[in-house]
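# Coordinate analysis (summary)
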Amino acid sequence: MTDKVRNWFGFGPMTALAGQGHDHRDGGHGHTHGVIDPTIATTTRGIWAIKWSFIVLAITAALQLVIVYFSGSVALLADTIHNVGDAVTAIPLWIAFMLARRKPSKTFTYGLGRVEDLAGILIVLIILFSAIVAGYEAIDRLVNPRPIAFLGWVAVAGIIGFIGNEAVAVFRIRVGREINSAALIADGYHARTDGFTSLAVVLGAIGVWLGFPLADPIIGLLITLAIFVIVWQSSKAVLTRMLDGVEHGIVDEIYHASEHVSGVEAVSGVKARWIGHRLHADVAIRVPETATVADVLKVTDALKQELFAHLPALAEATVRLDNPATSVGPSGEVSHIQHHHAPAPFKVTSDLVDGSLEIVDTPNGERMRLTVDRHVDGLAAAVVIERPGGPETLPLISVAGDHHRYESAVAPAEPHEFQARLILSAIDRQRELPFTMVEPEDHHH
């Protein structure tokens with residue numbers, strides 16, 4: 001019976017979070033408004049918990065606001081603002097999910113997930129304005145003390161605030177354990193801390209009742225200072241998201257995921273950003289020079305699987321080969337890539353995709369580039385060139401930020417006149433398109 005009571009109030013062992021093979025993330029979550037943790041927002045149960053938390057805290061704040069109006073307690077006013085701030089955290093989530101249902105367009109190619117960041121800024125500004133008002137009232141009461149009416153009701157309102165926050169704490173902790181969300185559990189304990197802030201209102205009312213009228217504005221000022229701390233933390237979180245910033249743990253987790261994949265020699269670059277509640281990542285890797293097309297495809301697929309396992313909020317992962325500034329010749333010596341006049345493009349036509357294949361000059365030297373007219377999920381491509389000494393294989397890897405372009409990591413060997421095959425594959429389909437590249441006559445030597 002005792003264990004059940006402890007578990008109900010969140011003091012039991014966190015067994016629900018044990019055994020997650022890929023849970024290497026930092027368990028700390030800041031108490032911020034206007035930003036919902038993605039581990040909560042990406043689950044139906046988590047969204048349900050946030051909505052009901054909003055309802056409970058909104059009712060709590062409404063009851064307190066009525067007593068604030070009749071009593072004139074600035075301590076209760078500050079606590080009410082605090083509870084309103086906790087409640088409206090759910091608003092950007094609701095807005096984001098309503099707008100996120102719209103399909104991406106030519107203008108908003110990533111959808112409208114970032115509207116949550118704008119709503120978060122608005123909420124932070126509202127809380128900031130309210131905190132300024134509460135602070136002004138508290139200072140005014142310190143300078144010009146006024147009697148407080150209905151002291152008993154003020155104490156009751158403080159207790160209501162404690163009960164409301166405690167109910168939300170228990171609810172969030174229980175649901176957090178059900179869905180294995182450390183973030184929601186942490187939010188539950190934050191709500192419990194906020195409940196003790198509401199009890200400070202009761203202490204202020206007792207102080208006034210005992211003949212110390214300044215107890216109420218002093219308590220109100222302390223709660224206001226706590227709200228300013230929350231505003232500061234929340235504004236940093238929202239602005240970080242708006243500027244494409246991510247938590248350090250996410251980048252570390254991407255590097256950690258690569259350690260689980262054999263065939264990845266090194267991770268040479270990582271980019272990640274939030275769009276609403278979904279994470280988009282771009283990872284540049286290096287593979288052994290002896291890797292075949294099949295090897296590269298196997299490595300990239302394995303890395304993507306690890307990334308999705310390590311990062312539950314990940315919506316899209318692009319894995320590409322790093323483009324070195326030099327190429328390794330047949331003798332193993334490093335040589336700088338020379339620029340030559342490339343053959344005419346090969347027009348690609350198939351039931352998988354249409355586009356063009358060409359040899360182009362890039363800042364890193366010549367590369368084989370496939371440009372497709374539309375994005376195809378899971379598209380993989382490679383060029384196999386027939387050479388006297390054996391086939392030359394050039395995997396074509398998706399270019400970061402461009403779903404319509406695929407490039408090789410190195411330049412095709414000389415000469416640029418050859419017979420070759422373009423191999424395309426997507427999900428359960430594969431096509432081989434033979435082609436010939438011939439240099440223009442005016443560039444023959």
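These figures come from a predicted structure and were not determined experimentally.

Reading guide: rules and limits
- Residues numbered from 1 in each chain as written.
- Predicted model: local features only at pLDDT ≥ 70, side-chain atom pairs only at ≥ 80, totals over all residues.
- Heavy atoms only, no water.
- Helix = DSSP H or I, 4+ residues; strand = E, 2+ residues; numbered from the N terminus.
- Buried < 20%, exposed > 50% of the residue type's maximum accessible area, 1.4 Å probe, protein only.
- Contact = heavy atoms within 4.5 Å.
- Areas by Shrake-Rupley, 256 points an atom, 1.4 Å probe, with all protein chains shown as cover.
- Salt bridge = Lys/Arg side-chain N within 4 Å of Asp/Glu carboxyl O.
- Axes fitted to C-alpha atoms, helices over the stretch in contact; angles between N-to-C directions.
- Parallel < 35°, antiparallel > 145°, perpendicular 65-115°, else oblique.
- Left-handed = near helix turned anticlockwise from the far one by under 90°.
- Nonpolar A, V, L, I, M, F, W, Y, C, P; charged D, E, K, R; others polar.
- Polar contact = N/O pair within 3.5 Å; in protein donor to acceptor, adjacent residues only side chain to side chain.
- Pairing = 2+ DSSP bridges.
- 1 Å grid on protein atoms, 1.4 Å probe; cavity = no way out; pocket = protein on both sides within 12 Å on 5 of 7 lines; lining within 4 Å.
- Points joined across faces, edges and corners; volume = space filled by probe spheres on them.
- Arc of directions from axis to C-beta.
- pLDDT = per-residue confidence, 0-100.
- Core = buried A, V, L, I, M, F, W, Y, C linked by side-chain atoms within 4.5 Å.

Within the protein chain one finds 11 helices and 13 strands. Within the protein chain, buried positions represent 46% of all 445 residues. By sequence separation, contacts in the protein chain at least 24 residues apart represent 68% of the contacts at least 6 residues apart. Element-wise, carbon and sulfur atoms account for 62% of the exposed surface of the protein chain, whose accessible area totals about 22800 Å².

On to the pattern of salt bridges, then. One pass over the full model with this rule turns up 10 salt bridges. In this structure, the salt-bridge partner of R146 is D140, at a minimum N-O distance of 2.6 Å. Each of E386, R421 and E432 takes part in a single network of salt bridges with overlapping partners.

It is worth spelling out the packing of helix α6 (residues 115-143) against helix α9 (residues 215-242) at this point. With their axes 9 Å apart at the nearest point, α6 and α9 run at an angle of 160 degrees to one another. For the element pair α6 / α9, the angle class is roughly antiparallel. Once α6 is placed against α9, the crossing between them reads as left-handed. Taken together, the residues that form the contact of α6 with α9 break down as 20 nonpolar, six polar and three charged.

Within the secondary structure layout, S198 lies in helix α8 (residues 182-209). A polar atom in the side chain of S198 sits 2.9 Å from the side chain of D79. Aside from chain neighbours lying at most four places away, what touches S198 is Q64, D79, N83, G158, G161, F162 and N165.

The subject of this paragraph is the sheet that holds strand β2 (residues 278-286). Across the sheet, which stays open at both edges, the three strands sit in the order β1-β2-β3 with mixed pairing between neighbours. The sheet is open, and its two edges are formed by β1 (266-275) and β3 (314-321), each paired on a single side. Taking the axes of each pair of neighbouring strands and ignoring which way they run, one obtains an average angle of 15 degrees across the sheet. As paired elements, β2 and β3 share seven bridges and run parallel to each other. Bridging from a neighbouring strand, D282 pairs with T318 of β3. Helix-sheet contacts for helix α10 (residues 248-258) involve β1 and β2, and the interaxial angle to β1 is about 135 degrees.

All right, on to empty space enclosed by the protein then. A probe as big as a water molecule, rolled over the atoms, marks out the empty space that is left. On inspection of all chains with the given rule, the structure shows one cavity of 30 Å³ or more. Taken as a whole, the largest cavity spans an internal volume of roughly 50 Å³. Lining the largest cavity, in full, are R141, P145, R146, P213, D216 and P217. Of the residues assigned to the lining of the largest cavity, the class counts are three nonpolar, no polar and three charged.

Turning to α10, a few remarks are in order. All buried positions along α10 are accounted for by I250, E253, I254, A257 and S258. With its buried residues spanning 140 degrees around the axis, α10 presents them on a single face. Each element contacted by the buried residues of α10 is listed here: β1, β2 and α11 (293-310).

On to the confidence of the model for the protein chain. Looking at the protein chain, pLDDT values average 79 and 81% of them are 70 or higher. Ranking the elements of the protein chain by mean pLDDT puts strand β5 (residues 334-336) last with 36 and strand β9 (residues 380-385) first with 92. Across residues 13-30, confidence stays below pLDDT 50; counting only partners more than four residues off in sequence or on other chains, it has 28 contacts. Low pLDDT, under 50, characterises residues 324-340; the stretch is placed with 27 contacts to residues that sit more than four places away or in other chains.

Attention now moves to the nonpolar core. Nonpolar side chains tend to gather and get buried jointly when the protein is soluble and globular. With 28 residues, the main nonpolar core has L76, V154, I223 and I227 as its most contacted residues. Going through the elements one at a time, α3 (44-71), α4 (74-87), α6, α7 (151-178), α8 and α9 are the ones with two or more residues in this core. The element best represented in this core is α9, accounting for six residues. The residues contacting I227, other than those within four sequence positions of it, are A78, I81, H82, I127 and A131. With 26 residues, the next largest nonpolar core counts V296, V299, L307 and I397 among its residues.

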